[in-house]
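Structure at a glance
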Amino acid sequence: MRKIAILIEDLYDDKELIYPYYRMQEAGFQVDLIGSVANNTYKSKFGMPLKSDYASKDVSPSDYEGVIIPGGFSPDYMRRCLATIDFVRAMDEQQKVVASICHGPWLMISACNLKGKKLTGFHSIRVDIENAGAKYLDEALVVDGHLITSRTPADLPVFAKAIIDKLV
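Below is a summary of the structure that appears in this document. (Residues numbered from 1 in each chain as written. Predicted model: local features only at pLDDT ≥ 70, side-chain atom pairs only at ≥ 80, totals over all residues. Heavy atoms only, no water.)

Some remarks on the overall build of the chain
On a plain count of helices and strands, the chain comes out with 6 helices and 11 strands. The C-alpha atoms of the chain give a radius of gyration of 14 Å, which matches the 15 Å a tight globule of 168 residues would have. In terms of its C-alpha atoms, the chain occupies a principal-axis envelope of roughly 35 × 30 × 30 Å. Counting all 168 residues of the chain, 52% fall into the buried class. Within the chain, contacts between residues separated by at least 24 positions form 61% of all contacts whose residues are at least 6 apart in sequence. By element, 50% of the accessible surface of the chain is carried by carbon and sulfur atoms, the whole surface being about 7,400 Å². (Helix = DSSP H or I, 4+ residues; strand = E, 2+ residues; numbered from the N terminus. Rg over C-alpha atoms; globule rule 2.2 N^0.38 Å. Buried < 20%, exposed > 50% of the residue type's maximum accessible area, 1.4 Å probe, protein only. Contact = heavy atoms within 4.5 Å. Areas by Shrake-Rupley, 256 points an atom, 1.4 Å probe, with all protein chains shown as cover.)

Section: helix H3 (residues 82-93)
If you check H3, its first and last C-alpha atoms are 16 Å apart, about what 12 residues at 1.5 Å a residue would give, namely 16 Å. Along H3, the residues classified as buried are Thr84, Ile85, Phe87, Val88, Ala90, Met91 and Asp92. Taken together, the buried residues of H3 touch strand S1 (3-7), strand S6 (66-69), helix H2 (74-78), strand S7 (97-101), helix H4 (105-111) and strand S11 (147-150). Phi for Gln95, located one or two positions after H3, is positive at around 60°. (Expected span 1.5 Å × (residues − 1).)

Brief notes about the side chain of His103
Within the fold, His103 resides in the loop between S7 and H4. His103 sits in the buried class, given a relative accessible area of 13%. If we skip the residues at most four places from it in the chain, His103 touches Gly71, Gly72, Pro75, Phe122, Ser124 and Ile125.

As for the pattern of salt bridges
Tallying each qualifying case throughout the model produces 12 salt bridges. Ionic pairing is found between Asp86 and Arg89, a salt bridge with its closest N-O pair at 3.2 Å. On the criterion of helical spacing, the pair formed by Asp86 and Arg89 is a turn pair, its members being 3 residues apart in helix H3. A relative accessible area of 37% means that Asp86 is categorised as partly exposed. The class for Arg89 is partly exposed, based on a relative accessible area of 30%. The network of salt bridges with common partners includes Asp76, Arg79 and Arg80. (Salt bridge = Lys/Arg side-chain N within 4 Å of Asp/Glu carboxyl O.)

Brief notes about the nonpolar core
Counting 26 residues, the largest nonpolar core has Leu7, Ile69, Phe87, Val88, Val98, Met108 and Leu114 as the members making the most contacts within it. Residue assignment for this core shows that the elements contributing at least two residues are S1, S6, H3 and H4. Apart from the residues lying within four places of it in its own chain, the contact partners of Phe87 are Ala5, Leu7, Val59, Ser60, Pro61, Tyr64 and Val67. (Core = buried A, V, L, I, M, F, W, Y, C linked by side-chain atoms within 4.5 Å.)

Remarks on the sheet that holds strand S5 (residues 54-55)
Strands belonging to one sheet form pairs held by backbone hydrogen bonds; the direction of such a pair is parallel or antiparallel. Taken together, 7 strands build an open sheet; the order of strands is S5-S2-S1-S6-S7-S11-S10 and the sheet is mixed. Pairing within the sheet leaves two strands with one partner each, and these edge strands are S5 and strand S10 (141-144). (Pairing = 2+ DSSP bridges.)

Right, here's the structure in full:
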């Protein structure tokens, strides 16, 4: 079965993790929740607990078709873990799907080569995206090669569809 990784850390946005989690399963993917620690319970912005399947240091990018980075404040924690950065960097270097929504580009800034790329994200991180050398577009969905980005939970339907369309 084809696999996709969804990253998880504390203060993830509930909708931005759960919606893609089930949509990817519906599309036939095995979905693994990857955190900085394996079998650890992480709490969302609203306190909903979910447990990671694996630690980022224990997974190989070659096992996955793509990675999804949900927003909330969790991407700030994700970019503090070198193994998570390395995992996303390898996915980017291998031109595998790297999809992020809301504040997810914070991790992409630390892990991906964004110079000259087009991205979107939550409006408050526009300057961060531009300082990484990317062009910020205020659009519900921006696809630039293997990079897929969206702004907010309102964009989840087009975000998930774009990921599935790219992988199928």
